[in-house]
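As a plain string of letters, each chain reads:
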Amino acid sequence: MPPSVPSLPDSDVVDSPCVNLCRLDERSGLCCGCLRTLDEITAWGSASVARKRAILDEIRRRERVFS
């Protein structure tokens, strides 16, 4: 089970949820480390702060579903 994503600070910098456990689960299509999809991982570097926050919100939802 991947570690929980920390709560979001109020800033313009959103740290990547990557925990260097990079392996995609074939069944779910999610990274086993950070619970992002391949599309979310590749888009992260150029994503807006709002999009990054939305991805982190989705990861939190996935944590509840997959825990």
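Notes on the structure follow. (Residues numbered from 1 in each chain as written. Predicted model: local features only at pLDDT ≥ 70, side-chain atom pairs only at ≥ 80, totals over all residues. Heavy atoms only, no water.)

**Some details on the side chain of Lys 52**
Reasoning step 1: Within the secondary structure, Lys 52 sits in helix H2 (residues 49-66).
Reasoning step 2: Buried charge Lys 52 goes without a salt bridge, the closest partner of opposite sign being Asp 15 at 8.2 Å.
Reasoning step 3: Here Lys 52 is in contact with Val 14, Trp 44 and Ala 47, once residues within four sequence places are set aside. (Helix = DSSP H or I, 4+ residues; strand = E, 2+ residues; numbered from the N terminus. Buried < 20%, exposed > 50% of the residue type's maximum accessible area, 1.4 Å probe, protein only. Lys, Arg positive; Asp, Glu negative; His and termini not counted. Salt bridge = Lys/Arg side-chain N within 4 Å of Asp/Glu carboxyl O. Contact = heavy atoms within 4.5 Å.)

**Considerations on the side chain of Glu 40**
Reasoning step 1: Checked against the element boundaries, Glu 40 lands in helix H1 (residues 38-43).
Reasoning step 2: Note on Glu 40: relative accessible area 8%, which makes it buried.
Reasoning step 3: Leave out the neighbours within four places in its chain, and Glu 40 touches Leu 35, Arg 51, Ile 55, Glu 58 and Arg 62.

**Let's talk about the pattern of salt bridges**
Reasoning step 1: If you walk through the whole model with that rule in mind, you get 4 salt bridges.
Reasoning step 2: Taking the shortest distance from any N to any O, the salt bridge between Arg 61 and Glu 58 comes out at 2.6 Å. Within this pair, Arg 61 and its partner Glu 58 are both found in helix H2, separated by 3 residues, close to a single helical turn.
Reasoning step 3: You can call Arg 61 partly exposed: its relative accessible area is 39%.
Reasoning step 4: Notably, a salt bridge pairs Arg 62 with Glu 58, separated by 3.5 Å at the nearest N-O pair. Placement of the pair is Arg 62 and Glu 58 together in helix H2, with a separation of 4 residues, close to one helical turn.
Reasoning step 5: Look at the salt bridges and you will find they share partners, linking Glu 40, Glu 58, Arg 61 and Arg 62 into a network.

**Some remarks on the packing of aromatic side chains**
What describes a pair of aromatic rings is the distance from one ring centre to the other and the angle between the planes of the rings.
Reasoning step 1: Under the definition given, this model contains 0 aromatic pairs.
Reasoning step 2: Here Arg 36 stacks its cationic end above the ring of Trp 44, 5.3 Å away from the centre of that ring. (Phe/Tyr/Trp six-rings, centres within 6.5 Å; stacked < 30°, edge-to-face > 60°. Lys NZ or Arg CZ within 6 Å of the ring centre and 35° of its normal.)

**Some remarks on the environment of Ser 16**
Reasoning step 1: By secondary structure assignment, the location of Ser 16 is in the segment before H1.
Reasoning step 2: Residues Ser 16 and Cys 34, 18 residues apart in the sequence, show an inter-C-alpha distance of 9.1 Å.
Reasoning step 3: Setting aside residues up to four positions removed in sequence, Ser 16 forms contacts with Arg 36 and Trp 44.
Reasoning step 4: For Ser 16, the side chain forms a polar contact with the main-chain nitrogen of Cys 18, separated by 3.1 Å. (Polar contact = N/O pair within 3.5 Å; in protein donor to acceptor, adjacent residues only side chain to side chain.)

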